[in-house]
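Spelled out from the first residue to the last, the chains are:
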Amino acid sequence: MKAATAAVMREIDRIAINEYGIPGAVLMENAGVAVVRHLETMLAPLSERKFCILAGKGNNGGDGYVIARHLANQGAKVKVFLLGEKAAVGGDARLNLDIIDLMGLDIIEITHERVWDKVKVTVTFADCLIDALAGTGFRGEPSDDMVQLIDMINAAGKPVVAVDIPSGVDADTGRVYGKAVQASHTVTLGLPKPGLFLYPGAECAGQLTVADIGIPAAIVTGQEIKQNIIMADMIGAILPRRSPAAHKGENGRLAVVAGSRGLSGAAAMTAAGALRAGAGLITLAAPASLQAVLAVKLTEVMTRPLAETSAGAVAQAAVQEIIGLASASDVLAIGPGLGCEEETRALVRAVVAAACCPLVIDADALNALAGYTSILTDCSALPVLTPHPGEMARLTGLSIQAVNADRVKVARQAAGEWGSIVVLKGARTVVAFPDGEVYINTSGNAGMATGGTGDALTGIIAGLIAQGLSSHDAAVAGVYIHGLAGDVAAAAGMVGMTATDLIKAVPAAMYGIKGY
Ligand SMILES: NC(=O)C1=CN([C@@H]2O[C@H](COP(=O)(O)OP(=O)(O)OC[C@H]3O[C@@H](n4cnc5c(N)ncnc54)[C@H](O)[C@@H]3O)[C@@H](O)[C@H]2O)[C@@H](O)CC1
Ligand SMILES: Nc1ncnc2c1ncn2[C@@H]1O[C@H](COP(=O)(O)OP(=O)(O)O)[C@@H](O)[C@H]1O
Ligand SMILES: [K+]
């Protein structure tokens with residue numbers, strides 16, 4: 001599913017109005033009617049309900065006046081509060097404000113202190129609050145009066161339906177600079193906005209519905225929209241299909257270079273993730289002293305002992321062996337649990353520079369690349385990098401806070417600079433490509449915030465590449481399946497679920513995807 005930034009949405013509206021001749025008031029009418037239809041499904045019969053509509057001075061408020069008219073026509077009790085003066089409302093919003101004024105609806109301007117008591121009483125006795133304060137036109141921090149109103153809405157404990165986007169949420173980034181409306185439902189107009197999927201905006205949106213407002217489909221397909229939301233049907237279409245006559249050699253050869261003394265689990269979980277994603281033959285190369293324990297842990301995985309340092313990490317002497325292993329493999333996953341010895345880091349850089357198969361680079365291998373990302377642009381196939389925000393901060397020199405403040409922008413910029421596929425992990429993982437294309441993932445849950453789930457993701461993405469998916473499709477499908485497996489595992493209890501629970505749930509998650 002495509003997601004439109006505020007600028008893209010403005011352009012789509014502009015083309016609909018100026019080039020197709022659809023009056024803006026018609027789009028506004030469709031928007032308002034779509035919200036009322038949604039209210040019917042929530043609160044029928046509307047004639048028995050009391051609504052409080054909180055409107056801003058822009059077009060989002062305009063949608064609110066259309067909603068007010070239709071609700072009043074259906075016999076509902078409606079009060080409208082306008083954050084500002086009627087005189088400040090213009091365009092299509094003004095047209096609709098004048099109509100409800102002529103209808104005799106109660107419209108109260110919030111322009112002086114005395115009004116706040118009235119707002120409070122109305123909010124307290126309403127059955128539902130409609131947030132039409134601001135939509136895609138919202139910028140920066142909310143003004144003091146908007147904050148006061150948002151606080152009242154959020155304290156009311158009533159169903160809150162946000163029009164287009166909860167007021168206070170940045171449509172592009174999901175950022176909340178000051179306060180934002182906490183909606184129970186959001187009816188977003190035309191196309192969903194990225195800020196409805198990225199935290200903290202995603203948490204403000206509640207249950208999300210995308211409403212058709214009559215924009216000609218050709219306008220949307222004609223736009224170069226680079227933001228996508230990962231959906232199950234999209235993944236069902238790209239997952240590898242297994243022929244009934246398949247043999248193990250057809251499902252790919254995968255090499256994993258991982259582990260060091262004390263970090264054998266990371267290596268095991270990476271290999272297990274690949275196994276459960278369906279890879280045919282897996283070789284796990286790890287420091288020699290770990291081989292015995294890994295062989296016992298992973299019955300189905302082949303193990304390869306590597307030369308090791310005195311601290312039990314992969315030694316520089318293993319470089320040719322690993323490069324040879326990569327040449328005999330369809331994909332190499334490198335990094336989990338390798339540790340932070342300088343010798344191992346240098347080895348990682350040598351392997352990344354020389355390997356001729358597709359690479360999935362994670363964890364300590366990413367740390368080894370900090371300051372050396374220019375190596376990535378020479379890789380024969382687009383490498384997949386899977387940093388969590390901490391690793392991303394190390395690679396970019398940004399703070400973790402800055403990474404999370406605009407995950408799409410940071411991931412996209414890195415993908416472009418490094419000529420790589422960047423999977424920026426965390427709640428709402430973002431997958432970015434060098435051409436600016438971005439996918440936001442929606443599967444997964446907070447139970448996955450536990451050690452080892454990232455190693456599993458590395459294995460899953462590599463496992464999909466082994467089975468013939470392009471690195472592009474494997475990154476997108478991998479993050480979705482990984483999150484879905486987390487959701488399957490969390491059904492038995494979110495807190496306390498383990499990475500191993502998630503890994504075991506991968507086959508069930510894949511088979512649960514419609515069309516697969
Ligand atoms: N033709 C169109 O453009 C359509 C637009 N539609 C609606 O119009 C919205 C966009 O309308 P606009 O561009 O007029 O903008 P909005 O109405 O979303 O936002 C502008 C309003 O928010 C206030 N505002 C912005 N930043 C603020 C801040 N930091 N503190 C306090 N107040 C702030 C402004 O003063 C103004 O009242 C969409 O989200 C959608 O709801 C729909 O009616 C469909 C058609
Ligand atoms: N709150 C959350 N919601 C969804 N996914 C999450 C959440 N927290 C973590 N995850 C996912 O769990 C994984 C954690 O990976 P990572 O931080 O590398 O952990 P580790 O290094 O322990 O394996 C990532 O795929 C991340 O997207
Ligand atoms: K709104």
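Being a predicted model, the structure only gives us computed values, none of them experimental.

1. Notes on the overall build of the protein
Moving on, step 1. Secondary structure assignment for the protein yields 20 helices and 17 strands.
Moving on, step 2. For the protein, with 516 residues in total, the buried portion stands at 53%.
Moving on, step 3. Residue pairs in contact within the protein that sit at least 24 positions apart in sequence constitute 73% of those at least 6 positions apart.

2. Details of the packing of helix α10 (residues 264-276) against helix α18 (residues 453-466)
Moving on, step 1. One way to put it is that α10 packs onto α18 with a least axis distance of 6 Å and a crossing angle of 35°. The chirality of how α10 crosses α18 is right-handed. For the pair α10 and α18, the contacting residues are A266, M269, T270, A271, A272, G273 and A274 in the first and D455, A456, L457, T458, G459, I460, A462, G463 and A466 in the second.
Moving on, step 2. Residues of the contact of α10 with α18, tallied by class, amount to ten nonpolar, five polar and one charged.

3. Focus on the site of ligand 1
Moving on, step 1. G58, N59, N60, G135 and G137 are the nearest of the 28 residues found near ligand 1.
Moving on, step 2. Of all elements in the fold, only α2 (24-43) and α3 (59-73) reach the threshold of two or more residues within the shell around ligand 1.
Moving on, step 3. Top contributing element to the shell around ligand 1 by residue count: α3, with five residues.

4. So, the site of ligand 2
Moving on, step 1. The environment of ligand 2 is formed by 18 residues, the closest being H388, A427, G444, A449 and G454.
Moving on, step 2. Counting residues per element, the shell around ligand 2 draws most heavily on α18, which supplies four residues.
Moving on, step 3. For the shell around ligand 2, the per-class residue count stands at six nonpolar, ten polar and two charged.

5. Topic: unusual backbone geometry
Moving on, step 1. Note that the residue after A44, namely P45, is joined by a cis bond; omega there is 0°.
Moving on, step 2. Take P45: it is sitting in the loop between α2 and β1 (50-55).
Moving on, step 3. Phi is positive for D164, which is not a glycine, with a value near 70°.
Moving on, step 4. Mapped onto the elements of the fold, D164 is located in the loop between β5 (160-163) and β6 (185-189).
Moving on, step 5. Under the C-beta neighbour-count criterion, D164 is labelled buried, with 30 such atoms within 10 Å.
Moving on, step 6. A positive phi is found at A363, a non-glycine position, where the angle reads about 50°.

6. Some points on the UniProt feature "binding site: K(+)" (unreviewed entry) in the protein
Moving on, step 1. According to UniProt, the positions carrying the feature "binding site: K(+)" (unreviewed entry) are N60, D131 and S167. Annotated residues spanning 108 residues; largest pairwise C-alpha distance 9.5 Å, indicating a single compact cluster.
Moving on, step 2. Position of N60 relative to the elements: it lies in helix α3.
Moving on, step 3. Judged by the 31 C-beta atoms lying within 10 Å of it, D131 falls in the buried class.
Moving on, step 4. Once you skip the residues sitting within four places of it in the chain, D131 turns out to touch L54, I153, V160, V161, A162, V163, P166, S167, V181 and A183.

7. As for the domain arrangement of the protein
Moving on, step 1. Examined at the domain level, the protein breaks down into domain 1 (6-225) and domain 2 (232-241 + 250-512).
Moving on, step 2. Here the C-alpha centroids of domain 1 and domain 2 sit 42 Å apart.
Moving on, step 3. With seven residues of domain 1 in contact, the opposing surface of domain 2 contributes eight residues.
Moving on, step 4. Residues of the side of domain 1 that touches domain 2, tallied by class, amount to five nonpolar, one polar and one charged.

8. Observations concerning α10
Moving on, step 1. Along its 13 residues, α10 runs 18 Å from first to last C-alpha, staying within 8% of the 18 Å computed at 1.5 Å per residue.
Moving on, step 2. Most of α10 is tucked away, with 13 of its 13 residues classed as buried.
Moving on, step 3. Of the residues one or two after α10, G278 is the one with positive phi, at around 105°.

9. Quick word on the sheet that holds strand β4 (residues 128-132)
Moving on, step 1. Strand order across the open sheet formed by seven strands is β3-β2-β1-β4-β5-β6-β7, with parallel pairing between neighbours. The sheet terminates laterally at β3 (106-109) and β7 (207-211), the two strands that pair on one side only. For this sheet the average axis-to-axis angle between neighbouring strands, irrespective of direction, equals 20°.
Moving on, step 2. Across four bridges, strand β2 (residues 77-82) lies against β3 in parallel orientation. Residue pairing across strands places F81 opposite I108, the latter belonging to β3.

The rules behind the values
- Residues numbered from 1 in each chain as written.
- Chains lettered and ligands numbered in written order.
- Predicted model: local features only at pLDDT ≥ 70, side-chain atom pairs only at ≥ 80, totals over all residues.
- Helix = DSSP H or I, 4+ residues; strand = E, 2+ residues; numbered from the N terminus.
- Buried ≥ 20, exposed ≤ 12 C-beta atoms within 10 Å, placed from the backbone.
- Contact = placed C-beta atoms within 7 Å.
- Axes fitted to C-alpha atoms, helices over the stretch in contact; angles between N-to-C directions.
- Left-handed = near helix turned anticlockwise from the far one by under 90°.
- Nonpolar A, V, L, I, M, F, W, Y, C, P; charged D, E, K, R; others polar.
- Near = placed C-beta within 6 Å.
- UniProt positions renumbered as here; feature names shortened; annotations may be inferred.
- Domains from an automatic or database assignment.
- Expected span 1.5 Å × (residues − 1).
- Pairing = 2+ DSSP bridges.

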